[in-house]
Amino acid sequence: MCMRYYPLLLDIRRAHCVVVGAGEVGQRKIETLLACDPARLTAVDPRPPGPALLAFLARHANFTYAKRPFADTDLDGARLVFACTPLRELNARIGLLCRDKNILCNMADDPESGDFTLPASITRGDLTITVSTGGASPALSRVIRRDLEERYGPEYERLTRLMGRIRPAQLALGGSSSENRRVFRDLAAAPLPELIRKNDRSACERTLKALLPADLHAQIGEWCDDCFPTV
Ligand SMILES: C[C@@]1(CC(=O)O)c2cc3[nH]c(cc4nc(cc5[nH]c(cc(n2)[C@H]1CCC(=O)O)[C@@](C)(CC(=O)O)[C@@H]5CCC(=O)O)C(CC(=O)O)=C4CCC(=O)O)c(CCC(=O)O)c3CC(=O)O
Ligand SMILES: NC(=O)C1=CN([C@@H]2O[C@H](COP(=O)(O)OP(=O)(O)OC[C@H]3O[C@@H](n4cnc5c(N)ncnc54)[C@H](O)[C@@H]3O)[C@@H](O)[C@H]2O)C=CC1
């Protein structure tokens, strides 16, 4: 097997991130970064921030905007950098500085020279589905992301939360790994998404009873309270 990129999910809550160039592309990165609550995010751009950026600044205390051209010192303390200016030479220089300082760099105009590229993604609570074409066609990633949005609706947020509650309880029973794996795989393959989507709580409870060991049956009601909020 040969893969061009190693897929991973980054926890940026302790990371200082820097976006250089807050135009159309930079703003898309800023929006996604802020959704993941970075320790600190700095945008550097000589243009005054427009309405979208002003709204981000009002809402996020961890976001600052330096209204000036990029300076080398902007990289001090950074862990992730996004070079999103239209100036190819400047982006390339930012890339080289980052390599020197061991900072991971995303290059908007020359992905091959950067350390990572961004996938299109959808999230449903703790469920994340990402799509990448390794730079071959961002437009194709976008179309596939839209298909996924249709296929995996909001019921998957509730399903993921339900599974996240069942899992530690099943593990705490202290059974064998193979028994646990069988239970989790059966649960994941059951028609629970459909039942949650239709708000069919009693069928969901019956399905869980049929698949979970008797020791967990007493907790099914409480898990379903969380999954099927009363309206
Ligand atoms: C390599 C990568 C680097 C990186 O940014 O990490 C990169 C690079 C470039 N994108 C370009 C163009 C477009 N980018 C989009 C959209 C997205 N681009 C994103 C990621 C990536 N873009 C990385 C690879 C991801 C992958 O392989 O899948 C997404 C997924 C995530 C995000 O940016 O947040 C987001 C979709 C979000 C969503 O909708 O879900 C559209 C779609 C549209 O606008 O309709 C177009 C126009 C159509 C087209 O060109 O396909 C150009 C050409 C500029 C030029 O024309 O010169 C370059 C530069 C180059 O290719 O050299
Ligand atoms: N990765 C991706 O998804 C895509 C990448 N691109 C590439 O990304 C680059 C940026 O595209 P857009 O955002 O559409 O351009 P844009 O013109 O909307 O934004 C560029 C921003 O960079 C700022 N800038 C200029 N000089 C600067 C400096 N010295 N320091 C800091 N900021 C500076 C400008 O003020 C502007 O706000 C282009 O090179 C384009 O080819 C374009 C489309 C998609």
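Residues numbered from 1 in each chain as written. Chains lettered and ligands numbered in written order. Predicted model: local features only at pLDDT ≥ 70, side-chain atom pairs only at ≥ 80, totals over all residues. Heavy atoms only, no water.

**Concerning the domain arrangement of the protein chain**
Where interface size is quoted, it is often the accessible area lost as the parts come together. The line we're drawing: Where each domain starts and ends comes from a domain assignment, either automatic or drawn from a database.
According to the domain assignment, the protein chain contains domain 1 (16-118), domain 2 (119-152) and domain 3 (154-226). Taking the mean C-alpha position of each, domain 1 and domain 3 sit 42 Å from one another.

**Description of the site of ligand 2**
The condition is simple: Distances are taken per atom, and a residue is near a molecule or strand as soon as one of its heavy atoms is within 4 Å of it. As used in this structure description, the phrase polar contact means that two N or O atoms lie within 3.5 Å; if the pair is within protein, one of them must be able to donate a hydrogen and the other to accept it, and residues adjacent in sequence are counted only when both atoms belong to side chains. Here the Shrake-Rupley method, with its probe set to 1.4 Å, supplies the accessible areas, and only the displayed protein chains count as covering residues. Secondary structure elements are taken from DSSP: a helix is a run of H or I of four residues or more, a strand is a run of E of two residues or more, and numbering for both begins at the N terminus. For this scheme, ten residues count as nonpolar: Ala, Val, Leu, Ile, Met, Phe, Trp, Tyr, Cys and Pro. Four count as charged, namely Asp, Glu, Lys and Arg, and the remainder, Gly too, count as polar.
Around ligand 2 lies a shell of 21 residues, among which Glu24, Val25, Arg28, Asp45 and Phe70 are the nearest. Here an oxygen atom of ligand 2 and a backbone polar atom of valine 25 are 2.8 Å apart. Aspartate 45 is positioned such that a nitrogen or oxygen atom in its side chain is 2.6 Å from an oxygen atom of ligand 2. Relative to its unbound accessible surface of 850 Å², ligand 2 loses 69% to contact with the protein. The element contributing the most residues to the shell around ligand 2 is helix 1 (residues 24-35), with 4 residues. For the shell around ligand 2, a count of residues per class yields 12 nonpolar, 3 polar and 6 charged.

**A closer look at the pattern of salt bridges**
What counts, and what does not: Counted as salt bridges are all cases of a side-chain nitrogen of Lys or Arg within 4 Å of a carboxyl oxygen of Asp or Glu. Accessible area is worked out with a 1.4 Å probe on protein chains only. A residue is then buried under 20% of its type maximum, exposed over 50%, and partly exposed in between.
Under the counting rule described, the total for this entry stands at 18 salt bridges. Between aspartate 11 and arginine 14 there is a salt bridge, with its nearest N and O atoms 4.0 Å apart. Judged by its relative accessible area of 39%, aspartate 11 falls in the partly exposed class. A salt bridge links arginine 165 to glutamate 222; the nearest nitrogen and oxygen atoms lie 2.9 Å apart. Of this pair, arginine 165 sits in helix 5 (residues 155-172) while glutamate 222 sits in helix 9 (residues 220-227), and the two are 57 residues apart along the sequence. The exposure class assigned to arginine 165 is partly exposed, which follows from its relative accessible area of 29%. Overlapping salt bridges, with partners in common, bring together Arg161, Arg165, Glu222 and Asp226 in one network.

**A few points about the site of ligand 1**
In the neighbourhood of ligand 1, 19 residues make up the surrounding shell, with Lys29, Leu118, Gly135, Ser141 and Arg145 lying closest. Arginine 28 is positioned such that a nitrogen or oxygen atom in its side chain is 2.9 Å from an oxygen atom of ligand 1. Glycine 134 is positioned such that a nitrogen or oxygen atom in its backbone is 3.2 Å from an oxygen atom of ligand 1. In isolation ligand 1 offers 1100 Å² of accessible surface; the protein chains occlude 65% of this area. Mapped onto the shell around ligand 1, the elements with two or more residues apiece are helix 1 and helix 4 (138-151). Here the element with the most residues in the shell around ligand 1 is helix 4; it accounts for 5 residues. Looking at which domains feed residues into the shell around ligand 1, each of domain 1 (16-118) and domain 2 (119-152) gives three or more.

**Some details on the packing of helix 8 (residues 201-211) against helix 9**
Convention followed: For helices, the fitted line uses only the C-alpha atoms of the stretch in contact; every axis is such a line through C-alpha atoms, and the angle between N-to-C directions lies from 0 to 180 degrees. Put simply, angles under 35 degrees are roughly parallel, angles over 145 are roughly antiparallel, angles from 65 to 115 are roughly perpendicular, and the rest are oblique. Left-handed describes a crossing whose near helix is turned anticlockwise from the far helix through less than a right angle; right-handed describes the clockwise counterpart. Any pair of residues with heavy atoms lying within 4.5 Å of one another is described as a contacting pair.
Orientation of helix 8 relative to helix 9, taken along the N-to-C sense of each, is 140°, at an axis distance of 10 Å. The angle between the axes of helix 8 and helix 9 places the two elements in the oblique class. For helix 8 against helix 9, the interelement crossing comes out right-handed. Together, Arg201, Cys204, Glu205, Leu208 and Lys209 of helix 8 and Ile220, Gly221, Cys224 and Asp225 of helix 9 make up the contact between the two elements.

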